[in-house]
Amino acid sequence: MNSIEKLIMEYFLKNISVGEIIAIIDLREEIKKRARSGELVYREIDDAVIERDLLTIITSLIKRGFLEYNMGVFNLAGWIRDYLKKKYKSLDAGVFKSIDKLTSD
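Just so we're clear, the structure is a prediction, and the values are computed from it rather than from any experiment. (Residues numbered from 1 in each chain as written. Predicted model: local features only at pLDDT ≥ 70, side-chain atom pairs only at ≥ 80, totals over all residues. Heavy atoms only, no water.)

## A short note on the nonpolar core
Our working definition: Only buried Ala, Val, Leu, Ile, Met, Phe, Trp, Tyr and Cys residues count toward a nonpolar core, and they belong to the same one when joined by side-chain atoms within 4.5 Å. Relative accessibility thresholds used throughout: buried, under 20% of the residue-type maximum; exposed, over 50%; partly exposed, between the two (1.4 Å probe, protein chains only). Helical segments are the DSSP runs of H or I of at least four residues, strand segments are the runs of E of at least two, and each set is numbered from the N terminus. By definition, residues are in contact when any of their heavy atoms lie within 4.5 Å.
Grouped together as the largest cluster of nonpolar side chains are 29 residues, with contacts concentrated most on I8, F12 and L76. When contributions to this core are tallied by element, the ones reaching two or more residues are helix 1 (3–15), helix 2 (20–37), helix 3 (47–63), strand 3 (73–76), helix 4 (78–88) and helix 5 (99–104). A total of seven residues in this core trace back to one element, the largest contributor, which is helix 1. For I8, the contacting residues outside a window of four places in its chain are L27, L54, I57, I58, L61 and L67.

As structure tokens, then:
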């Protein structure tokens, strides 16, 4: 996964299910924050460009089975929710979960 895919997945690992508009705004602002701090290199810090890129990447993650979309809401895929329930005994919504830690266990 590239750095933006990882950022998106960690966002959904934490939040589980988020409305489309809120998710795009949250993720756009996180990308801008990280780009300004130098933590993330991004080609153009323009809201429309970032939002278009986010939707393209999220669509790819949906097609690859990591996320789901239903009636204006993005959700972490069911199989990942099931994995989190087994690993943590709950989804722990609102709690950060590192994708690197989850994939190394």
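The structure having been displayed, the exposition proceeds.
## Side note on the pattern of salt bridges
Side chains carrying opposite charge are able to pair once their charged atoms draw close together. How we decide: We define a salt bridge as a side-chain nitrogen of Lys or Arg found within 4 Å of a carboxyl oxygen belonging to Asp or Glu.
If you walk through the whole model with that rule in mind, you get 12 salt bridges. For R64, the salt bridge is made with E5, and the minimal N-O distance between the two is 2.6 Å. Of this pair, R64 sits in the loop between helix 3 and strand 2 (67–70) while E5 sits in helix 1; the two residues are 59 residues apart in sequence, bridging distant segments of the chain. D53 is paired through a salt bridge with R52; the nearest N and O atoms lie 3.8 Å apart.

## Some remarks on the pairing of strand 2
On a regular strand, each side chain points to the face opposite its neighbour's, so the side chains alternate between the two faces of the sheet. Let me state the cut-off plainly: The criterion for strand pairing is that DSSP finds at least two bridges linking the strands in question.
In the sheet, strand 2 pairs with strand 3 via four bridges, with the strands oriented antiparallel. The partner of N70 across the bridge, within strand 3, is V73. With antiparallel pairing between neighbouring strands as the criterion, strand 2 and strand 3 make up a hairpin whose turn holds two residues, including M71 at a positive phi of roughly 50°.

## Quick look at helix 2
Here is the rule we go by: Every helix has an expected span of 1.5 Å times one less than the residues it contains. Within this analysis, the arc is defined by the directions that extend from the helix axis to the C-beta atoms.
Here helix 2 contains 18 residues, and its C-alpha end-to-end distance of 26 Å stays within 8% of the 26 Å for a straight helix at 1.5 Å per residue. Along helix 2, the positions that sit buried rather than exposed are A23, I24, L27, R28, I31, K32 and A35. The arc that holds the buried residues of helix 2, viewed along the axis, is 155°, so those residues lie on one side. Across helix 2 from its buried face, at more than 90 degrees, point the exposed residues K33, R36 and S37. Against the buried residues of helix 2 lie helix 1, strand 1 (17–19), helix 3 and strand 3. Just past helix 2, the residue G38 takes up positive phi, approximately 90°.

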